[in-house]
Every structure is written in C-alpha cells, then in structure tokens.
Amino acid sequence: MIKPRTKTPDIHIDLVNGAKWKLSDQNPEHFTMVVFYRGKHCPVCKTYLETLQEHLSGYIDKGVNVIAISSDNEDVAKATYDDWDIDDVPLGYNFSIEEARKWSLYISEGIKDEPKHFIEPGVFIIKPDQTLYASSIQTMPFARPKVEDLLKSLDFVISKDYPARGEA
C-alpha cells in the first residue's frame, strides 16, 4: 500500500489523443488527480467520468491536473472516448495489471462481456513532488468518492494548507 507522504510509482501512459503522459512530468500548482476506472464495460465508470467532465474546469481552476486511466486496450479506450461525454478528460489506456498492483488497486476477473482481467477503481491525489496526499481504492464500481465532494474539499485543503493524513 502506498502511504500518504510517500512517493508514488511513476506512470508512463499513452493517451487516446496520441500524446504520452508521465506522472513525474506533471507540474500542477497543487495536485495531480489520477482516476483509475474499470473500463468501457462499466456503466458506473461512464457516469463517474462524465461527472468528472462536468467539473473538470473546477479542478483546473484549483490547480489540479486530472487524468483517467484504465487497462482497456487502445481500440476500446478510443471507443470509450468517442462514446462517452468526456471530451476534455485526458484518457490513458493499457495500464498493466502489474503496474496496477504497484498502486494497490484491486484486480477482477471478467464475467460475461467484461475483459478477462481489469482494474477496479481508485482515486489518487498526488502532490507536485509525486508524494501521495490522499487516496480511495474500491473493490467494485460502487462507493467511490463523489467528484463534486472532492472538488469542494480541495477548497479547504488548499486554503488551510491541510496536511496529508494516514501515514502512521
């Protein structure tokens, strides 16, 4: 498990727009928020990322870089981008199961029309020095932190310079 105030693993990921994204290259004013999602097969993920799209400018205004990442392959990720209303959310794909384990993400075996293996959701808020500020990791698509609640919490965190907690 990655503890708050410790350095996170780096992420090198391809985006659906053809760009490359690297966590260690991020230089946000306050945080980078990495949202790991299950994949295109997940209707709860669709709602979550579309809600993120609706509030993306609020995160950007608060000095927070945002990315959403799945283990979907390139074709599925591009179809996700085309089919979901997430035009401004940077979307990474081909996040390996091995890399997901470094982030303590849960892995599921697919049933019915799901991929053979895929990552379960996680939200990580990371400081510019690449140390973990906060995280929420789920075992299934439900019980994620609400996009709107996280955004509101950042006002307090930033204005009070509230420290990361849970490192003991």
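Here the structure is a predicted model, which means the values were calculated and not measured. (Residues numbered from 1 in each chain as written. Predicted model: local features only at pLDDT ≥ 70, side-chain atom pairs only at ≥ 80, totals over all residues. Heavy atoms only, no water.)

Undergrad: Mind showing me how you'd approach the overall build of the chain here?
TA: Tallying secondary structure elements over the chain gives 4 helices and 9 strands in all. N-terminal to C-terminal, the α/β element order of the chain is β-β-β-α-β-α-β-α-β-β-β-β-α. For 168 residues, the compact-globule estimate of 2.2 N^0.38 gives 15 Å, and the chain sits close to it at 15 Å. Dimensions along the principal axes, computed over C-alpha positions, put the chain at roughly 45 × 30 × 30 Å. Residues classed as buried in the chain amount to 46% of the 168 residues present. Sequence separation of at least 24 residues holds for 65% of the intrachain contacts in the chain that already meet a minimum separation of 6. Carbon and sulfur atoms make up 48% of the accessible area of the chain, which amounts to about 8900 Å² in all. Positive and negative charge centroids in the chain, built from 20 and 27 side chains respectively, lie 7 Å apart. (Helix = DSSP H or I, 4+ residues; strand = E, 2+ residues; numbered from the N terminus. Rg over C-alpha atoms; globule rule 2.2 N^0.38 Å. Buried < 20%, exposed > 50% of the residue type's maximum accessible area, 1.4 Å probe, protein only. Contact = heavy atoms within 4.5 Å. Areas by Shrake-Rupley, 256 points an atom, 1.4 Å probe, with all protein chains shown as cover. Lys, Arg positive; Asp, Glu negative; His and termini not counted. Charge placed at Lys NZ, Arg CZ, Asp CG, Glu CD.)

Undergrad: Would you mind going over the nonpolar core with me for this structure?
TA: A general tendency of soluble globular proteins is for nonpolar side chains to be buried together. If you look at the biggest cluster of nonpolar residues, it comprises 30 residues, and the most contacted ones within it are Met33, Leu49, Leu52 and Tyr59. Elements with a minimum of two residues in this core: β3 (31-36), α1 (43-61), β4 (64-69), β5 (91-93), β8 (122-126) and α4 (147-159). The biggest single contributor to this core is α1, with 6 residues. Ignoring anything within four residues of it in the chain, the contact list for Met33 reads Leu52, Tyr59, Val64, Asn65, Val66, Ile67, Val123, Phe124, Ile125 and Leu150. (Core = buried A, V, L, I, M, F, W, Y, C linked by side-chain atoms within 4.5 Å.)

Undergrad: Honestly, the pairing of strand β9 (residues 132-137) in this entry has me stumped. Any pointers?
TA: Taken together, the 5 bridges between β8 and β9 define a ladder with antiparallel strand orientation. Pairing of Val123 across the sheet is with Ser136, part of β9. As consecutive antiparallel partners, β8 and β9 are separated by 5 residues, and within that stretch Gln130 has a phi angle of approximately 70°, a positive value. (Pairing = 2+ DSSP bridges.)

Undergrad: Quick question: what am I supposed to make of the packing of aromatic side chains here?
TA: The description of an aromatic ring pair uses the distance of the two centres, along with the angle that the planes make with each other. The tally for this structure, following the rule as stated, stands at 7 aromatic pairs. Here Phe156 and Tyr162 contribute two aromatic rings whose centre-to-centre distance is 5.4 Å and whose plane-to-plane angle is 55°, an arrangement assigned as tilted. Owing to a relative accessible area of 44%, Phe156 belongs among the partly exposed residues under this scheme. Taking the relative accessible area as the measure of exposure, Tyr162 reaches 33% and is therefore partly exposed. Chaining the aromatic ring pairs together yields one cluster made of Phe36, Phe95, Trp103 and Phe124. Here Arg144 stacks its cationic end above the ring of Tyr48, 5.0 Å away from the centre of that ring. (Phe/Tyr/Trp six-rings, centres within 6.5 Å; stacked < 30°, edge-to-face > 60°. Lys NZ or Arg CZ within 6 Å of the ring centre and 35° of its normal.)

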